[in-house]
Amino acid sequence: MARKNRFARGFAKRALAVVLGVAVAAAFAVPAWALLTVPLHGAHVGASSQTFSWESGNGGLSDPVVWHFVLNGMDRSTPEAQLTVTFQNAGTKTVTARNDGQTQHFYVGTPGHDVLTAGFAVAATSKVNNLVLSHVWYDRDRDPGEDPEEPEDPGDGEEPGDPGDGDTGEEPGDPGDGEEPTDPGDGDTGEEDFLPFTDQPTDEAEGFLPYTGGEILALLTAAGTAALSGAALRRRNKSAR
């Protein structure tokens, strides 16, 4: 009986050691595949959007040029991976996959045609196949290098009411726009060398004294004196008769 107990205790210890060993191994093994880094397929390094395969899918992005990447061959339960790519002009961009699972898709937009210089993906998987550039998309009816049309800048032409931009037309009451008829200093006012009317003496008026009214008074005085003298003479003649 004692031997059985010792065997049971020994078996239990060995089983516990095995379980602990597996747990420790799993603890170290998980990080090894949880953050697996997958480099971009070498044949696609240096790909140009102007010459690479064109397809119509743009992943719903509004960028002028869209790059579609695919990561495949992973575990079925692999969560969404992360993709980091570098472009010659647009620089480095990082995006998350659109889906999880064995094959995952990434869409990256650039403001114009560009060249892909590097890339890699980080995925939580124990196995993986390739990270490839599937295709590029851009509007083939318009050059992606062109900026979208913008409304006219009012600074490029004339602005109504702004005298600094050019001729704004005549403005009533503005002395700088034309002549003012009442201002003799602005130019010709109609009659040249016109002087205001003034009385000028003539040859016929030489020696003429202005009329003062004293002449009538003198005549009236003389006439009165003559009348009184006549009346006195008549009375004197009557008295002498």
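Rules and cut-offs
- Residues numbered from 1 in each chain as written.
- Predicted model: local features only at pLDDT ≥ 70, side-chain atom pairs only at ≥ 80, totals over all residues.
- Heavy atoms only, no water.
- Pairing = 2+ DSSP bridges.
- Helix = DSSP H or I, 4+ residues; strand = E, 2+ residues; numbered from the N terminus.
- Axes fitted to C-alpha atoms, helices over the stretch in contact; angles between N-to-C directions.
- Buried < 20%, exposed > 50% of the residue type's maximum accessible area, 1.4 Å probe, protein only.
- Contact = heavy atoms within 4.5 Å.
- Phe/Tyr/Trp six-rings, centres within 6.5 Å; stacked < 30°, edge-to-face > 60°.
- Lys NZ or Arg CZ within 6 Å of the ring centre and 35° of its normal.

Caption draft 1: Just the sheet that holds strand E7 (residues 131-138), in detail. One open sheet holds the three strands; their spatial order is E5-E2-E7, and the pairing between them is antiparallel. The strands lining the two open edges of the sheet, one partner per strand, are strand E5 (104-110) and E7. With direction set aside, neighbouring strand axes in the sheet form an average angle of 25°. Note: strand E2 (residues 65-71) against E5, seven bridges, orientation antiparallel. The partner of Val-70 across the bridge, within E5, is His-105.

Caption draft 2: Representation of the environment of Glu-55 in the model. Here Glu-55 is to be found in the loop between strand E1 (36-39) and E2. Residue Glu-55 is classed as partly exposed on the basis of its relative accessible area of 38%. On a C-alpha basis, the gap between Glu-55 and Trp-137 in space is 5.7 Å, while along the polypeptide they are 82 residues apart. Every residue in contact with Glu-55, bar those within four places of it in the chain, is listed here: His-135, Val-136 and Trp-137.

Caption draft 3: Structural detail: the sheet that holds strand E6 (residues 116-123). Strand order in the open sheet formed by four strands is E1-E6-E3-E4, and the pairing between neighbours is antiparallel. Two strands bound the open sheet, and with one partner strand each, they are E1 and strand E4 (91-96). Strand-to-strand, the axes of this sheet are offset by a mean angle of 20°, without reference to chain direction. Bridge analysis of strand E3 (residues 82-87) against E4 gives six bridges, and the strand direction is antiparallel. The residue of E4 that forms the bridge with Thr-86 is Thr-92.

Caption draft 4: Region of the structure containing the packing of aromatic side chains. Tallied over the full model, the rule gives one aromatic pair. For the pair Trp-67 and Phe-87, a centre-to-centre distance of 4.8 Å together with 50° between the ring planes defines the contact as tilted. Here Phe-87 lies in strand E3 and Trp-67 lies in strand E2, a separation of 20 residues in the sequence. The exposure classification of Trp-67 matches that of Phe-87, with both residues buried. Just above the ring of Trp-54 sits the side chain of Arg-140; from NZ or CZ to the centre is 3.6 Å.

Caption draft 5: A look at the pairing of E6. As judged from the four bridges shared by E1 and E6, these two strands associate in the antiparallel manner. Paired with Val-38 across the bridge in E6 is Ala-121. Pairing of E3 with E6, which is carried by six bridges, proceeds in the antiparallel orientation. Of the residues in E6, the one forming a bridge with Phe-87 is Leu-116.

Caption draft 6: Representation of the environment of Ala-118. Following the sequence through the fold, Ala-118 ends up in strand E6. Ala-118 gets classed as partly exposed once you look at its relative accessible area, which sits at 31%. When the C-alpha atoms of Ala-118 and His-44 are compared, they prove to be 8.7 Å apart, with 74 residues separating the residues in sequence. Dropping the residues within four chain positions of it, Ala-118 is found in contact with Leu-40, Val-85 and Thr-86.

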